[in-house]
Amino acid sequence: MNRRTLLSSSAALAAAVITGPLASAAVARPRQEEPVRFRLPAPNGPYPLGTVALHLADTARPDPWAPSRPRRELMVSIWYPARGGPARPTAPWMPPAAADRYLGLLGLPPGRVRLGGTHGHGGAPVGGPPGPLPVVLYSPGADASRSFGTGIVEELASHGFVVVTVDHTYDAAAVAFPGGRVETNPLGGVSDYAKALAVRTADIRFVLDRLAVLRSGGHPGVCRTPLPAGLRGALDLRRVGMLGHSLGGATTAATMLADGRITAGASLDGGAAGPVVDAGLDRPFLVVDTPGKGGMENNPALRAFWSRLRGWRLHLTVRGAAHQSFGDDVLILPLIAPLLGRSAPDLEEDVGTIPGHRAQAFQRAYPRAFFDLHLRDRGRLLDGPSADFPEVDHAR
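Cut-off values and rules
- Residues numbered from 1 in each chain as written.
- Predicted model: local features only at pLDDT ≥ 70, side-chain atom pairs only at ≥ 80, totals over all residues.
- Heavy atoms only, no water.
- Salt bridge = Lys/Arg side-chain N within 4 Å of Asp/Glu carboxyl O.
- Helix = DSSP H or I, 4+ residues; strand = E, 2+ residues; numbered from the N terminus.
- Buried < 20%, exposed > 50% of the residue type's maximum accessible area, 1.4 Å probe, protein only.
- Pairing = 2+ DSSP bridges.
- Right-handed = clockwise from strand over helix to strand, strands pointing away.
- Polar contact = N/O pair within 3.5 Å; in protein donor to acceptor, adjacent residues only side chain to side chain.
- pLDDT = per-residue confidence, 0-100.
- Contact = heavy atoms within 4.5 Å.
- Axes fitted to C-alpha atoms, helices over the stretch in contact; angles between N-to-C directions.
- Parallel < 35°, antiparallel > 145°, perpendicular 65-115°, else oblique.
- Expected span 1.5 Å × (residues − 1).

1. What about the pattern of salt bridges?
Then, in step 1: As enumerated under the stated definition, the model contains 26 salt bridges in all.
Then, in step 2: In this structure, Glu73 and Arg181 form a salt bridge, with 3.0 Å as the shortest nitrogen-oxygen distance. Pair noted here: Glu73 is in strand β3 (residues 72–81) and Arg181 is in the loop between β9 (174–176) and β10 (182–184), with a separation of 108 residues, a long-range link.
Then, in step 3: Between Arg378 and Asp372 there is a salt bridge; the shortest N-O distance is 3.8 Å.
Then, in step 4: Residue class for Arg378 comes out partly exposed when judged on its relative accessible area of 46%.
Then, in step 5: Here the salt bridges do not stand alone but share partners, grouping Asp58, Arg61, Asp63, Arg72 and Asp203 into one network.

What follows is the structure, given as structure tokens:
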């Protein structure tokens, strides 16, 4: 969870918000005629995708980051296998209002970077395999956005999972609410990680509560956004997993200790903090890390947590990877690094030496294998080392 580089502990772009030199470098560079464009490659699963964004409000909890707000507000996106999707437009990778604010904070002029769209068709009816379907929650890194895990999320949904991504407001880089309001995090980003972990844990538990409302026939949101046909019946809340990157990984472990509704959890280069370090967990948990200073060997709290895992456990180390190799950053950052004045060594520190397509292959294969195994009882990729992934080391 610590900032190991200028771009650590969050999405790779996000740290430029908190580092004046990067923002200044971006402003100083001349604007080129052609914008830098980013679009995720299509997922590999057999099902087209649908998605819907929902505005949630916890009326029982004042916002711990903004005392003037009497209720904690979140934005979430639900991703799912769909039918009849092509007739509907695809959702943007990041909501336009949030993207504009975010890129502006980076010092990039309007239109210089175009983040493109996803493969999720807004509001498309639920399709895919017969339901109800297993549910996976996604929590991003500190100072990041739910958008930065879209590649992993789309892959899971295209294989028949329902995935719920969460923006932790005032912790996330930029969150767009209905009506045009955009909330960002404080200048300097998240610094009180213990507080952030507690807030995030409460956020995820609240989201689970609202999913139960949705499953029982109610509307979980504030604005009564139209719900996709078939969504209520698609949720199997007896099979719930959770996945997170960086602080989102620590949030996964902490929330599993606090809430038994989560069956299995996976952490992508995240740490461990709080009571779960000493208590451990009795349910399946996957720890993914990077070699050297980013690994478990240099993180005493993570080692202690690992030693107290009493259920199924697996530790994967991805050789050549760095902290930002476990999300869409691994594809985005090489595109925009020149605009932010990032040198080749800087970029290597952020995303490692692993080729982007190999990092993406890991993201697509291993989280799905983990949730297939523990939410569907199928799959063999995690049995041991794979010739298809020679860069991945296994430890039990």
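2. A word on the pairing of strand β12 (residues 264–268)
Then, in step 1: The buried fraction of β12 amounts to five of the five residues, a majority that puts the element mostly inside the structure.
Then, in step 2: Here β12 shows no split at all, with Ala264, Ala266 and Leu268 on one side and Gly265 and Ser267 on the other all buried.
Then, in step 3: Here strand β11 (residues 235–245) runs beside β12; their pairing, made up of five bridges, is parallel. The partner of Gly241 across the bridge, within β12, is Ala264.
Then, in step 4: In this fold, β11 hands off to helix α6 (residues 247–258), which returns the chain to β12; that crossover is right-handed.

3. Focus: the pairing of strand β2 (residues 49–58)
Then, in step 1: The element β2 is largely enclosed, with a buried count of nine among its ten residues.
Then, in step 2: The pairing of β2 with β3 spans ten bridges and is antiparallel. What sits directly across from Ala53, in β3, is Ser77.
Then, in step 3: In terms of strand pairing, β2 meets strand β6 (residues 117–122) through three bridges, oriented parallel. Each bridged residue has a counterpart across the sheet, and for Thr51 the counterpart in β6 is Gly122.

4. Some points on helix α3 (residues 150–158)
Then, in step 1: Across the nine residues that make up α3, a large majority, nine, are buried.
Then, in step 2: Along α3, the residues classified as buried are Thr150, Gly151, Ile152, Val153, Glu154, Glu155, Leu156, Ala157 and Ser158.
Then, in step 3: Positive phi shows up at Gly160, right after α3, with a value of about 100 degrees.

5. Some remarks on the environment of Arg380
Then, in step 1: Structurally, Arg380 can be placed in the loop between α11 (356–376) and β15 (392–395).
Then, in step 2: A relative accessible area of 66% means that Arg380 is categorised as exposed.
Then, in step 3: For the pair Arg380 and Val162, spaced 218 residues apart in sequence, the C-alpha separation works out to 22 Å.
Then, in step 4: Among the polar contacts listed, one links the side chain of Arg380 to the side chain of Asp383, at a separation of 2.2 Å.

6. Looking at the confidence of the model for the protein chain
Where the model shows low pLDDT, its predicted coordinates should not be examined in detail.
Then, in step 1: Predicted confidence across the protein chain gives a mean pLDDT of 89, with 91% of residues reaching 70 or more.
Then, in step 2: In the predicted structure, residues 1–32 sits below a pLDDT of 50 and forms 101 contacts with residues beyond four places in sequence or in another chain.

7. Notes on the packing of helix α9 (residues 329–336) against helix α10 (residues 344–351)
Then, in step 1: Axis separation between α9 and α10 bottoms out at 10 Å; the angle between their running directions is 170 degrees. It follows that α9 is roughly antiparallel to α10 by the angle criterion. In contact with Asp329, Val330, Leu333 and Pro334 of α9, α10 contributes Leu347, Asp350 and Val351.

8. Some points on helix α4 (residues 193–215)
Then, in step 1: For α4, built from 23 residues, the straight-helix expectation of 33 Å at 1.5 Å per residue is met to within 8% by its first-to-last C-alpha distance of 32 Å.
Then, in step 2: One or two steps after α4, the chain reaches Gly217, where phi turns positive at roughly 110 degrees.

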